Amino acid sequence: MSPFLLYIARAGLYLSLLHAFYLLVMRRTTFFRLNRVLLLLGSYLCLLLPLVRLRTLQSATVSASNLTMVAVGGESEAVVAPAVFPWWQCLWAVYAAGVMVTLLSFLVSSWKMGRLICQGEESQREGCRLVLLEQDIPSFSWGRCVVMSRKDLAENPAIFTHERMHVQCRHSLDLLLFLPFQLFFWWNPLVWITREELRLLHEYEADEGVLQKGIDATQYQLLLVRKAVGEQRFTLANGFQHTKLKNRIAMMFKSTSSAWMRWSYLALIPVLAMVMFACNPTKKNKAKAPAVAEEAIEAQTGAPEEAVAAEEAAVSFSELENKPTFNGGDANEFAKWVFSQLQYPEQAKKDGAQGRVMVQFTIGTDGLVRDAQVLRGVREDLDAEALRVISSSPKWEPGYNAEGKAVPVHFTMPVVYKLQ
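Right, let's walk through the structure included here. It should be emphasised that the depicted structure is a prediction, and the values quoted were computed from it without experimental measurement. By convention here, each chain's residues receive numbers from 1 onward along its written sequence. In keeping with the predicted nature of the model, local features appear solely for residues at pLDDT of at least 70, side-chain atom pairs appear and are counted solely at 80 or more, and the whole-chain, interface and lining totals rest on all residues. Note that the side-chain values use all heavy atoms of the structure and ignore hydrogens as well as water.

**With respect to helix α2 (residues 32–48)**
In this model α2 runs 25 Å from its N-terminal to its C-terminal C-alpha over 17 residues, within 8% of the 24 Å that 1.5 Å per residue would give. Every buried residue belonging to α2 is among Phe32, Asn35, Arg36, Leu39, Leu40, Gly42, Ser43, Cys46 and Leu47, and all of these are buried. Buried residues of α2, seen end-on, are gathered within an arc of 165° and therefore sit on one face of the element. Residues of α2 that are exposed and angled more than 90 degrees away from the buried face: Arg33, Leu41 and Leu48. The contact criterion used is simple: two residues touch if any of their non-hydrogen atoms lie within 4.5 Å. Here a helix means four or more residues in a row that DSSP labels H or I, a strand means two or more in a row labelled E, and each is numbered from the N terminus. Packed against the buried residues of α2 are α1 (3–26), α6 (171–184), α7 (189–212) and α9 (245–253). Multiplying one less than the number of residues by 1.5 Å gives the expected span of a helix. Throughout this description, buried means an accessible area under 20% of the type-specific maximum (1.4 Å probe, protein chains only), exposed means over 50%, and partly exposed covers the range between. The arc refers to the directions leading from the helix axis to the C-beta atoms.

**Considering the environment of Asn188**
Structurally, Asn188 can be placed in the loop between α6 and α7. Residues Asn188 and Ala9 lie 179 residues apart in sequence; the distance between their C-alpha atoms is 9.7 Å. Nitrogen and oxygen atoms within 3.5 Å of one another constitute a polar contact, given that in protein one can donate a hydrogen and the other can accept it, and given that sequence-neighbouring residues count only through two side-chain atoms. Polar side-chain contacts of Asn188 include one of 3.3 Å to the backbone oxygen of Gly12.

**Here we look at the nonpolar core**
Here, nonpolar core refers to any group of buried Ala, Val, Leu, Ile, Met, Phe, Trp, Tyr and Cys residues whose side-chain atoms link them within 4.5 Å. With 32 residues, the main nonpolar core has Tyr14, Phe181, Phe185 and Leu201 as its most contacted residues. Put simply, the parts of the chain that give this core at least two residues each are α1, α2, α3 (87–119), α6, α7 and α10 (268–279). The element that contributes the greatest number of residues to this core is α1, accounting for 9 residues. Those residues in contact with Phe185 that lie beyond four places of it in its chain are Ile8, Ala11, Gly12, Leu15, Leu47, Pro180, Val191 and Trp192. In terms of nonpolar packing, the next biggest core, distinct from the first, is built from 28 residues, Ala331, Phe334, Ala348 and Val389 among them.

**What to know about the side chain of His410**
Position of His410 among the secondary structure elements: in strand β14 (residues 409–418). Of the polar contacts made by the side chain of His410, one reaches the side chain of Thr362; its length is 3.1 Å.

What follows is the structure, given as C-alpha cells:
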C-alpha cells in the first residue's frame, strides 16, 4: 500500500474519533469558542499522530513468497501465478479525482462570491468592509467583508450586527483552516459533518454577540424565522440564514454549561493512545531474530554468519506494506524474467533430475539483488543455474516501510525443475 494512502487512512481514523467525540459529548455545550479552537487544533493534531511510531516487538522469522517458478524440460511452458489487479493504482486515481472535485468546488464558490462582491457599492463601517447590493440577496460575510442588500440594512440593522460578529470572531479563518481536511479527507463523512458543526458554532457565537449588544431576543428570533427561507449561495461564506434554525433558537435559551465539561476532552487521550498502539505495525526483535534465522538456515544450507546478519537488518517480503517492484510490475514479472533466462542443465536432463530449489535473496535499498543463497537444493547444477539467473537480475524498485523509507527486503523464490 502507498505510504501516503496509508497515512491518509490512519489520520482519517484519528479524525473520525475526534469528530465523533465532539458530536456525542461536546456538541450541546455552550463553550462555543473553546469548541472551535479544540476542533481545529485537535484536527491538526490528528495529522501528526500517524507520524508517531509506537511499536511492539515480534520475533523475526524466515518466510517464503507464494510465488512459484517452474522450469520445464522439453516443450512445456512455465507456470506463473496470474497477475494481480492493480487495486492501489485504481484507489489512487479515485482519491485524486475526489481531491480535484473538492478543490474545483471551492474555486467555483470563491469565484462566484468574488464576482458578487465586485458588483456592490463598497464602504467602511464599524471596522468592516460593507458591500451593499440593490437586489434582495441573503446576507453573508467573508473575511472583513459584509455583503447585504440595502433593504436589509435599512429595515433590519440586527442583520449587520450579526454579520459583523462573524467578522470580529474571524470565522472565515476557521473555514480556511478546515479546508485541507475537506480536500484530503473528502471520503470521510464525519469531516463534512464536522464542517457543518463548525459553521453552526459560528452562528451560535454570532447570535450570542448580537444578544449581548442589547438587541431584544424575541424580536431577533422572529427575524431569524422570517429570514430562514432562502438559498445559501456560497459554501464558504458565513450567512445570516442557516438551515439549523431550531438549534440556534434553542441554544439562545440554553443555560451556561458546567465548567467541568471543559475537561471532557481529556477523555480522548487514552482512546487515541490505544488506537495508536493498534495501528502501528510490529517491529522485529533483533535480540531473538538472529538465533531463529541462524537455526533455520544452518539446518538447511549451512549458511555463513554474514547471511544471518543480513537477515537481521532486512524485512520479509510478505510483511512489507509497500513491496518492491520489478520492471514496473509485481513479483510475477520477475518470475517471467527468470524463466526467460533459465536454462535446464543438459546433464540434469540426461539424469532425469527434477525438484524444487528454494532460493533466498535480498533486494537492497538501491534495488540490486544481493546475498542469493540456496535454502533447500536439489543437486549442484540445478542449484547453480537458479543462483546464476537470480544473481544477474536487473535493478528492482526498492521496497518502502510505513514511513516511506527504502529498506532491504528478503525474498524467497521456489524454482521448480520438472521434466516432461
